[in-house]
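Residues per chain, in single letters:
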Amino acid sequence: MNNFIFYSPTEFVFGKDTEAQTGTLARKYGARRVMVVYGGGSAVRSGLLERVERSLREADIPYCLLGGVLPNPIDTKVYEGIEVCRKEKVDMLLAVGGGSVIDTAKAIAAGVLYDGDFWDFYVGKAVVEKALKVAVVLTIPAAGSEGSGNTVITKSDTLQKLSLRAPGVLRPVFSVMNPELTYTLPPFQTACGVADMMAHIMERYFTNTKEVEISDRLCEGTLMAIIEEAIKVMKEPRNYDARANLMWCGTIAHNGTCGVGCEEDWASHFLEHEISVIYNVTHGAGLSVIFPAWMTWMTEHNVEKIAQYAVRVWGVPDSGDPKAVALEGISRLKEFFSSIGLPLTFKELGVEHPDIDLLVSNLHRNKGEFVGNYVKLTPKDSKEIYQLAL
Ligand code: NZQ
Ligand code: ZN
């Protein structure tokens, strides 16, 4: 096991009606003026935004609103938010939504206190040293941004979708998580969330770091819980306990717990980000296409952990032939994804003729000559993986 620092100071307030505590929590964390950030309207339609506003008013916290964050969020909303925050003297960003809204709030929080262009942080020209506080009312279990120090933003003019990790400053101070808020999710968004949280665990699980039994077992157990609970949720969207388990899985998958002590991979995420930025597909759907392709490629290049995953997560009998075992595990994963309505190929994703050369060149332009760690992918390797997803 490698050395690590694990610092995860977010206060999670989990359960029914917890959004009513938002104002009190904002006060506890010293907010004097809040900007509420939200998306394309689901929080308005469900009445959640009004309940959150009421809670802020009851706690005597002045606030302003910034709506209209798009899925796969773009830089223009961040610039707009930075301007409003400076003018209104906001000191806390409250994200009401999913990963796109939370990531936009985090980018604004970092950008407000920085003299240059916030994008400098994403391209590595500057390091985030301070940020406004970020808090969350979560509406979709998927990206795990409610417990992570990461944010992913797309620069619309250069079509770069890049992630920034700043766990010391960008982890939310509190995250309110009411599983009932997820009842209104369309089945496809629920399924995409499942693929994303599974991917967050697998990016950590597929590692060459040895002797990490605690991380392995946490990953395997959480993956098995996600699979079981997802099946229940797809059948009964208003099953509170299944929704609750799934929601907490999404947080555990990405707040760092599952990967401590390991060298993580993240190639599948980077391969996917190039797809969602060009074809504007949902992140989780892109992952359900790319992750099995990446794993299939790995059966030829580094099969060991893929075979372990097949045995321990999918119950594939260990026949002593790791490649055959691994391929059976991948086939069970695909069957599961398909059963909850996720695509497995570019075509099913709605991308008939992907421009693979463009995807490969953008990927290596953004991430360098080698991508990932489980096997360091060259452009030739990345191309083969994209081709396996056709
Ligand atoms: O915009 P509204 O109207 O709210 O609708 C959203 C959106 O269309 C809808 N939705 C959310 N909660 C709902 C709901 N609809 C009905 N009822 C509800 N309760 O769902 C759609 C998707 O929302 P979005 O926020 O985009 O989903 P998600 O949480 O999957 O976030 C995806 C983004 O997060 C990034 C992804 O790349 C993508 O840009 N990621 C962020 C990470 C991080 N910060 O740590 C890690 C991830 O790997 C990921 O890359
Ligand atoms: Zn993800």
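Our structure's up above, just so we're on the same page.
Residues numbered from 1 in each chain as written. Chains lettered and ligands numbered in written order. Predicted model: local features only at pLDDT ≥ 70, side-chain atom pairs only at ≥ 80, totals over all residues. Heavy atoms only, no water.

1. Comments concerning unusual backbone geometry
Part 1 of the argument: Despite not being glycine, Glu-211 shows a phi value in the positive range, around 55°.
Part 2 of the argument: Within the secondary structure, Glu-211 sits in the loop between helix H8 (187–205) and helix H9 (213–235).
Part 3 of the argument: Even without a glycine there, the phi angle at Asn-280 is positive, about 50°.
Part 4 of the argument: Mapped onto the fold, Asn-280 is located in the loop between helix H11 (267–279) and helix H12 (283–301).
Part 5 of the argument: By relative accessible area, which is 55% here, Asn-280 ends up exposed. (Helix = DSSP H or I, 4+ residues; strand = E, 2+ residues; numbered from the N terminus. Buried < 20%, exposed > 50% of the residue type's maximum accessible area, 1.4 Å probe, protein only.)

2. A look at the site of ligand 1
Part 1 of the argument: Taken together, 32 residues surround ligand 1, and among them Gly-40, Ser-42, Gly-99, Ser-100 and His-200 come closest.
Part 2 of the argument: The separation between an oxygen atom of ligand 1 and a polar side-chain atom of Ser-42 is 2.7 Å.
Part 3 of the argument: The protein chains hide 89% of the 960 Å² of surface that ligand 1 would expose on its own.
Part 4 of the argument: Mapped onto the shell around ligand 1, the elements with two or more residues apiece are helix H5 (99–112), strand E6 (150–155), H8 and H11.
Part 5 of the argument: Residue composition of the shell around ligand 1, by class: nine nonpolar, 20 polar and three charged. (Near = heavy atom within 4 Å. Polar contact = N/O pair within 3.5 Å; in protein donor to acceptor, adjacent residues only side chain to side chain. Areas by Shrake-Rupley, 256 points an atom, 1.4 Å probe, with all protein chains shown as cover. Nonpolar A, V, L, I, M, F, W, Y, C, P; charged D, E, K, R; others polar.)

3. A look at the coordination of the zinc ion (ligand 2)
Part 1 of the argument: Taken together, the protein donors to the zinc ion (ligand 2) comprise Asp-196 (OD), His-200 (NE2), His-269 (NE2) and His-283 (NE2), at separations of 2.0 to 2.2 Å.
Part 2 of the argument: Read N to C, the donor residues that coordinate the zinc ion (ligand 2) are spaced as D-x3-H-x68-H-x13-H. With Asp-196 and His-200 both in helix H8 and four residues apart, the pair spans about one turn of that helix.
Part 3 of the argument: The exposure class of Asp-196 is buried, given its relative accessible area of 3%.
Part 4 of the argument: Residue classification places His-200 among the buried positions, given a relative accessible area of 2%. (Donors = N, O, S within 2.8 Å, 3.2 Å for Na, K, Ca; no water.)

4. Points about the pairing of strand E7 (residues 160–165)
Every other side chain in a regular strand lies on the same face of the sheet, so the side chains alternate between the two faces.
Part 1 of the argument: As paired strands, E6 and E7 are joined by six bridges and run antiparallel to one another. Each bridged residue has a counterpart across the sheet, and for Ile-153 the counterpart in E7 is Leu-162.
Part 2 of the argument: What sits between the antiparallel neighbours E6 and E7 is a turn of four residues, in which Leu-159 has the positive phi angle 50°. (Pairing = 2+ DSSP bridges.)

5. Regarding the sheet that holds strand E4 (residues 92–97)
Part 1 of the argument: A sheet is described by the order of its strands in space; here six strands give the open sequence E1-E8-E5-E4-E2-E3, paired in parallel fashion. Here the strands that pair on one side only, and so sit at the sheet edges, are strand E1 (11–14) and strand E3 (63–66). Strand after strand, the sheet turns through a mean of 20° between neighbouring axes, direction not considered.
Part 2 of the argument: Where strand E5 (residues 133–138) meets strand E8 (residues 174–177), four bridges bridge the pair, whose relative direction is parallel. For Leu-138, the partnering residue across the bridge sits in E8 and is Met-177. (Axes fitted to C-alpha atoms, helices over the stretch in contact; angles between N-to-C directions.)

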